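# Analysis of the macromolecular model
Spelled out from the first residue to the last, the chains are:
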Amino acid sequence: MDISQIKAAIPRELMASVVVFLVALPLCMGIAIASGVPPAKGLVTGIIGGLVVGFLAGSPLQVSGPAAGLAVLVFELVRQHGLAMLGPILLLAGALQLIAGRFKLGCWFRVTAPAVVYGMLAGIGVLIVLSQVHVMLDQAPQPSGMSNLLGFPGAVSEALPVMGGGLGWQAGALGLLTIAIMWGWEKLRPARLRFVPGALLGVATATVVSVALALQVKRVVVPANLTDAIDLIKPADLMAMADPALLIAAVALAFIASAETLLSAAAVDRMHNGVRSDFDRELSAQGVGNMLCGLLGALPMTGVIVRSSANVQAGAQTRASAILHGVWLLAFVVLLSSVLQQIPVASLAGVLVYTGFKLVDRKAFKGLSRYGRMPMLTYAATALAIVFTDLLTGVLLGFALTLVMLALKAARLKIAVVPTGERQVELRLVGAATFLKVPALTKALDTIEPGTEVNVPLGGLSYIDHSCLELLEDWGRANAANGSRLIIESRGLKRRVEGRLRTSTELSAPA
């Protein structure tokens, strides 16, 4: 790119960066609140995602920052192990991402079945909604999805004065106002104002209303000095990482963050015609960013589709817009922190409730129906397991169901006994002949009359295992006395089975 092209690109990248900044500002704080940590930690992650990861990124138009998809996992980690341990867990998770990127393992994080990913996001979306409706009423969320659901009637009664409650209804009204504006803006916004994010518009309106009416609601707490939000890792916390539970948490965090990042990068590539993503470089950049977030005690980050799509739609063509959005976040927090302190917490919770509903993608669920019932079952089981147990259990269940589906598909075998002449039949096998199909193969062989010549071509098999070979050999030997003959064809060879075959290679299926 020459000097003239750079000069021409500057206004476009500046405009795109401002749009991304406006989208990122409420999300950074809202996701932090949903994660059970101070809002400033989400802003620190957003700044690192712009200034550091934006510079190193392998996906030029992807924007990184705190992700709603990790909020549930972080909330659980903080609840179980304390906020101090989030940094060491994140430091190790980032190191794993960096190593994976250096060893060019980026493509392997994208092999996750879409049904598992969509189910994971749907489950997370439901949990976010269930927890944030409590925050919308200026109350603390419960530790589990079921607790939040069962506790909702009580939370409502505590928020209504007519039921002996307090002033939580005011916060709830602000949250509902935010959601209504976001929904209405998405449906009705003019084309020339498409770059104005509904989340910012909703939060700004709710803030103005709350200040004008002097509503008694909880507001965002942001330190006047950003360094007050930084909690450097202590050596004693690093020593605690010997706990197996923390190691498992770090691995789970690394895997989920990497999968979400690279799936988002692939989606962003489909939105533009520019330079394609380098997944290994992107994974390494995310690792560096998460290691820095771990060192500073901030939230984990991923590449996020909402900010990235806003970046593409705003006309960005280079990573400069992602870097500049980090600059604007830093400048706003440093220079205008007093403005942030006027934002009602309930309004940010409204943003997260709306985001949670969007994560439950009904179109994705319907789209899976094209591939049969099993992907839909995997989607539903993953989402429900996350809601009723925890994120890791749900994801592992999704993977297990995917493996079961693959095993069932790999074990499919069509068996047909086809007459080819007088006292001659062909045993046609198509698919994979594994031990799972021994009963069906036995049943087919039992239908063959004594004194029949049986031809078994193996060309239609992708695989045949030892148990099926043994079954064919045993049948050939056992029925040789009554005049039956078993001839197995493999790789152009024919052999009459009267005893054990001399070489197993003659029975192996074509590669």
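Residues numbered from 1 in each chain as written. Predicted model: local features only at pLDDT ≥ 70, side-chain atom pairs only at ≥ 80, totals over all residues. Heavy atoms only, no water.

Filter applied, for reference: UniProt positions are given in the numbering used here, feature names are shortened, and annotations may be inferred rather than shown by experiment.
As recorded in an unreviewed UniProt entry, the protein goes by SulP family inorganic anion transporter and comes from Pseudomonas quercus. Comment text from UniProt for the protein, heading Subcellular location (unreviewed entry), reads "Membrane".

## Here we look at the overall build of the protein
Convention followed: Segments assigned H or I by DSSP are reported as helices when at least four residues long, segments assigned E as strands when at least two residues long, and all are numbered from the N terminus. The reference for a compact globule is 2.2 Å times residues^0.38; the radius of gyration itself is calculated from the C-alpha atoms. Residue exposure (1.4 Å probe, protein chains only): buried if accessible area is under 20% of the type maximum, exposed if over 50%, otherwise partly exposed. We call two residues in contact whenever any of their non-hydrogen atoms come within 4.5 Å of each other. Using the Shrake-Rupley algorithm and a 1.4 Å probe, accessible areas are obtained, with residue cover drawn only from the displayed protein chains. The positive count covers Lys and Arg only, the negative count covers Asp and Glu only, and His and the chain ends enter neither. In this description, the location of a charge corresponds to atom NZ of lysine, CZ of arginine, CG of aspartate or CD of glutamate.
Helix and strand counts for the protein come out as 21 helices and 8 strands. Scaling as 2.2 N^0.38, a compact globule of 511 residues should have a C-alpha radius of gyration of about 24 Å, whereas the protein reaches 30 Å, well beyond that. Across the 511 residues of the protein, 51% fall into the buried class. If you take every contact in the protein between residues at least 6 apart in sequence, the share linking residues at least 24 apart comes to 76%. Surface exposure of the protein reaches about 23,600 Å², of which carbon and sulfur atoms provide 67%. Across the protein, the 40 positively charged side chains and the 29 negatively charged ones have centroids separated by 8 Å.

## Some remarks on empty space enclosed by the protein
One way to see where empty space is left: roll a probe the size of a water molecule over the atoms. Stated formally: Cavities and pockets were defined on a 1 Å grid built over protein atoms only: a cavity is a set of grid points that admits a 1.4 Å probe from which the probe cannot escape, a pocket is an open set flanked by protein on both sides within 12 Å along at least five of seven lines, and lining residues are those with an atom within 4 Å of any such point. Grid points are joined across faces, edges and corners, and a volume is the space filled by probe spheres set on the points. Note on residue classes: Ala, Val, Leu, Ile, Met, Phe, Trp, Tyr, Cys and Pro are nonpolar, Asp, Glu, Lys and Arg are charged, and everything else, Gly too, is polar.
On inspection of all chains with the given rule, the structure shows 1 cavity of 30 Å³ or more. The volume enclosed by the largest cavity comes to roughly 60 Å³. Lining the largest cavity, in full, are T112, V116, V117, M120, F255, I256, A259, V395 and F399. Elements with a contribution of two residues or more to the lining of the largest cavity: α5 (114-136), α11 (244-269) and α19 (391-410). Grouping the constituent residues of the lining of the largest cavity by class yields 8 nonpolar, 1 polar and no charged.

## Describing the layout of surface pockets
Roughly 510 Å³ of volume is contained in the second largest pocket. Lining the second largest pocket are 30 residues, and of these V72, L73, E76, D390 and L391 sit closest to its centre. Listed by contribution, the elements that provide at least two residues to the lining of the second largest pocket are α3 (71-81), α5, α6 (145-150), α11, α18 (373-388) and α19. When residues in the lining of the second largest pocket are grouped by element, the largest group, 9 residues, is from α3. Broken down by class, the residue content of the lining of the second largest pocket amounts to 18 nonpolar, 9 polar and 3 charged.

## Thoughts on the side chain of R307
Quick reminder of the rule: For salt bridges, the criterion is a side-chain nitrogen of Lys or Arg within 4 Å of an Asp or Glu carboxyl oxygen.
Looking at the element boundaries, R307 is found in helix α13 (residues 305-313). Despite being buried, R307 has no salt bridge partner; E260 is the closest side chain of opposite charge, sitting 7.9 Å away. For R307, the residues in contact, after removing those within four places along its chain, are V20, V23, A24, L27, C28, I31, V63, G65 and P66.

## Looking at the packing of aromatic side chains
Spelled out, the test is: Pairing of aromatic rings covers Phe, Tyr and Trp, the last counted by its six-membered ring, and requires centre-to-centre distances within 6.5 Å; plane angles under 30 degrees mean stacked, over 60 mean edge-to-face, and any other angle means tilted.
Within the structure shown, the criterion is met by 2 aromatic pairs. Relative to F332, the ring of F21 has its centre 5.8 Å away and its plane inclined at 55°; by these criteria the two rings are tilted. With F21 in helix α1 (residues 3-34) and F332 in helix α14 (residues 320-335), the pair connects residues that are 311 residues apart, well separated along the chain. Across the pair, F332 and F21 agree in class, each one buried. Centre to centre, the rings of F255 and F399 are 5.6 Å apart; their planes meet at 70°, and the pair counts as edge-to-face. Here F255 is found in helix α11, whereas its partner F399 is found in helix α19, with 144 residues between them in sequence. By relative accessible area, F399 is classed as partly exposed at 25%.

## Description of the environment of M29
Of note, M29 is situated in helix α1. For M29, a relative accessible area of 1% corresponds to the buried category. With residues near it in sequence (within four places) discarded, M29 still touches P39, L43, V220, L340, I343 and L348.

## Digging into helix α2 (residues 39-56)
Residue pairs spaced three or four apart in an α-helix point in one direction, given the helix's 3.6 residues per turn. Stated precisely, the cut-off is as follows: To estimate the expected span of a helix, count its residues, drop one, and scale the result by 1.5 Å.
Here α2 is 18 residues long and its end C-alpha atoms lie 25 Å apart, about the 26 Å a rise of 1.5 Å per residue gives. For α2, the tally of buried residues reaches 14 of 18 residues, placing the bulk of the element in the interior.

## Notes on the state of the cysteines
Formally: By definition, disulfides here are pairs of cysteine sulfur atoms that lie within 2.5 Å.
Inspection of every chain in the model, using the stated rule, returns 0 disulfides. The cysteine C293 is free of any disulfide, with C28 supplying the nearest cysteine sulfur at 10 Å.

## What to know about the environment of V209
Inspection of the secondary structure puts V209 in helix α9 (residues 198-212). Here the alpha-carbon distance between V209 and L174, two residues 35 residues apart in the chain, equals 8.2 Å. V209 has contacts with L174 and L177, leaving out every residue within four places of it along the chain.

## Here we look at the pattern of salt bridges
Pairs can form between side chains of opposite charge once their charged atoms are near each other. Here the structure, examined in full by the defined rule, presents 9 salt bridges. The closest approach of N and O atoms between E76 and R79, which form a salt bridge, is 2.5 Å. Taken together, the positions of E76 and R79, both in helix α3 and 3 residues apart, correspond to about one turn of that helix. Put simply, K358 and E186 hold a salt bridge, and the shortest N to O gap is 3.0 Å. Pair noted here: K358 is in helix α16 (residues 345-359) and E186 is in helix α8 (residues 168-188), with a separation of 172 residues, a long-range link. Three or more residues are tied together by salt bridges with common partners; here these are E473, D474 and R477.

## Points about the packing of α18 against α19
Rules: Comment: axis = line fitted to C-alpha atoms, over the contacting stretch for helices; angle = value between 0 and 180 degrees taken between N-to-C directions. Oblique is the label for any angle not under 35 degrees, not over 145, and not in the 65 to 115 range, which are roughly parallel, roughly antiparallel and roughly perpendicular in turn. Less than a right angle of anticlockwise turn of the near helix away from the far helix marks a crossing as left-handed, whereas a clockwise turn marks it as right-handed.
Where α18 contacts α19, the two axes come as close as 7 Å, and the packing angle between them is 160°. Considering the angle they form, α18 stands roughly antiparallel to α19. Along this stretch, α18 crosses α19, giving a crossing that reads as right-handed. Contacts between α18 and α19 involve M374, P375, L377, T378, A381, T382, A385 and I386 from the first element and L391, G394, V395, L397, G398, L401, T402 and M405 from the second.

## Quick word on a nonpolar patch on the surface
Heads up, the condition is: Residues qualify for a patch when their relative accessible area is over 30% and they have no salt bridge, like charges being joined within 9 Å and the nonpolar side chains of Val, Leu, Ile, Met, Phe, Trp and Tyr within 5 Å.
Taken together, L51, V327, L330, V334, L335, L336 and V339 make up a surface patch of nonpolar side chains, about 540 Å² in accessible area. The leading source of residues in the nonpolar patch is α14, at 4 residues. Classification of V334 as partly exposed rests on a relative accessible area of 47%.

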